[in-house]
Amino acid sequence: MKQEHVEKIKSYYDRTGEFKKNEKYSGKDKTVFTKDGDKYHWLVMEPKGASGMKVHLTDTHGRITVRDTYESVRNVVSCTGIERLCEDGRGMVRFTSDDAVLINRLGGNGRKDAASNFEKAMQGSQDGYEKKIIGRAARKLSELSEESCAELIATTKNRKLSERDFSARYRLSKIREQRKEKGTMKGNDMGRKVEKGGLEL
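Because the structure is predicted, anything quoted here is derived from the model rather than measured. (Residues numbered from 1 in each chain as written. Predicted model: local features only at pLDDT ≥ 70, side-chain atom pairs only at ≥ 80, totals over all residues. Heavy atoms only, no water.)

Below, the discussion takes up the side chain of Arg-159. Inspection of the secondary structure assignment puts Arg-159 in helix H5 (residues 146-200). Separated by 3.0 Å, the side chains of Arg-159 and Tyr-70 make a polar contact. Among residues more than four places away in sequence, those in contact with Arg-159 are Tyr-12, Tyr-13, Tyr-70, Cys-79 and Ile-82. (Helix = DSSP H or I, 4+ residues; strand = E, 2+ residues; numbered from the N terminus. Polar contact = N/O pair within 3.5 Å; in protein donor to acceptor, adjacent residues only side chain to side chain. Contact = heavy atoms within 4.5 Å.)

The following block contains the structure:
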């Protein structure tokens, strides 16, 4: 995976740049990032093949609370798996891409805010299938601790913001390429007209 993609993924979990690479615990199979004066909260990134990445975070007890996976294809980084530790610590809750879209739209500032927004969305929806999807995502969020829920919302919003930013820049680059091609084609057409005019004279 390209280094710029690795940095992009790290930024989803570390917008303020608090996590620094810990040379003591990092190796060929993984890179460990820790905070100054904090020996419990780790951000670990493990390459999976040439284009995959597994990310996990630990809490104050050293437990893995986040387990996400990514895939890099050309210039696009996609999240392929999202898991968070249940509040009771007995297992992981798995979120789908549909869940992530809803969390980005309705997440708010924490679990309480999210619960209120999801409830309003369910009440306002006239589509039975949509209500089912919203309800499922809301139930999953309710299984997380307040801290884990807030982290998931923040990470999801960071990721979606980055995706939108890349999409906008990608579209602009394509527009520039198209304009450049049109300009070149126009120049060639003018050249042919001049040549034709010269033959007719």
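And the narrative resumes.
Moving on: the pairing of strand E5 (residues 64-73). Across seven bridges, strand E4 (residues 52-58) lies against E5 in antiparallel orientation. Paired with Thr-58 across the bridge in E5 is Ile-64. Bridge analysis of E5 against strand E6 (residues 76-85) gives eight bridges, and the strand direction is antiparallel. When the bridges of E6 are listed, Arg-67 appears paired with Glu-83. Counted along the chain from E5 to the antiparallel partner E6, the turn is two residues long, and its residue Arg-74 has a positive phi close to 55°. (Pairing = 2+ DSSP bridges.)

So, on to the pattern of salt bridges. In this structure the tally under the stated criterion is twelve salt bridges. Put simply, Asp-59 and Arg-63 hold a salt bridge, and the shortest N to O gap is 2.9 Å. We classify Asp-59 as buried; its relative accessible area is 8%. Linking Arg-84 and Glu-151 is a salt bridge whose minimum nitrogen-to-oxygen distance equals 2.7 Å. Pair noted here: Arg-84 is in strand E6 and Glu-151 is in helix H5, with a separation of 67 residues, a long-range link. Overall, Arg-84 belongs to the buried group, its relative accessible area being 0%. A relative accessible area of 19% means that Glu-151 is categorised as buried. (Salt bridge = Lys/Arg side-chain N within 4 Å of Asp/Glu carboxyl O. Buried < 20%, exposed > 50% of the residue type's maximum accessible area, 1.4 Å probe, protein only.)

With that settled, consider the packing of aromatic side chains. Tallied over the entire structure, the rule returns two aromatic pairs. Relative to Tyr-70, the ring of Tyr-12 lies with its centre 5.9 Å away and its plane at 40°, an arrangement referred to as tilted. Taken together, the residues span a long stretch of sequence, with Tyr-12 in helix H1 (residues 3-13) and Tyr-70 in strand E5 at a distance of 58 residues. Of the two residues, Tyr-12 and Tyr-70, both sit in the buried class. Taking 4.8 Å as the distance between ring centres and 40° as the angle between the ring planes, the aromatic pair formed by Tyr-25 and Trp-42 counts as tilted. Of the two residues, Tyr-25 is situated in the loop between strand E1 (20-21) and strand E2 (31-35) and Trp-42 in strand E3 (residues 38-48); the sequence distance between them amounts to 17 residues. Take Tyr-25: its relative accessible area is 37%, and that puts it in the partly exposed class. Taking the ring centre of Phe-33 as reference, the NZ or CZ of Lys-10 above it sits at 5.1 Å. (Phe/Tyr/Trp six-rings, centres within 6.5 Å; stacked < 30°, edge-to-face > 60°. Lys NZ or Arg CZ within 6 Å of the ring centre and 35° of its normal.)

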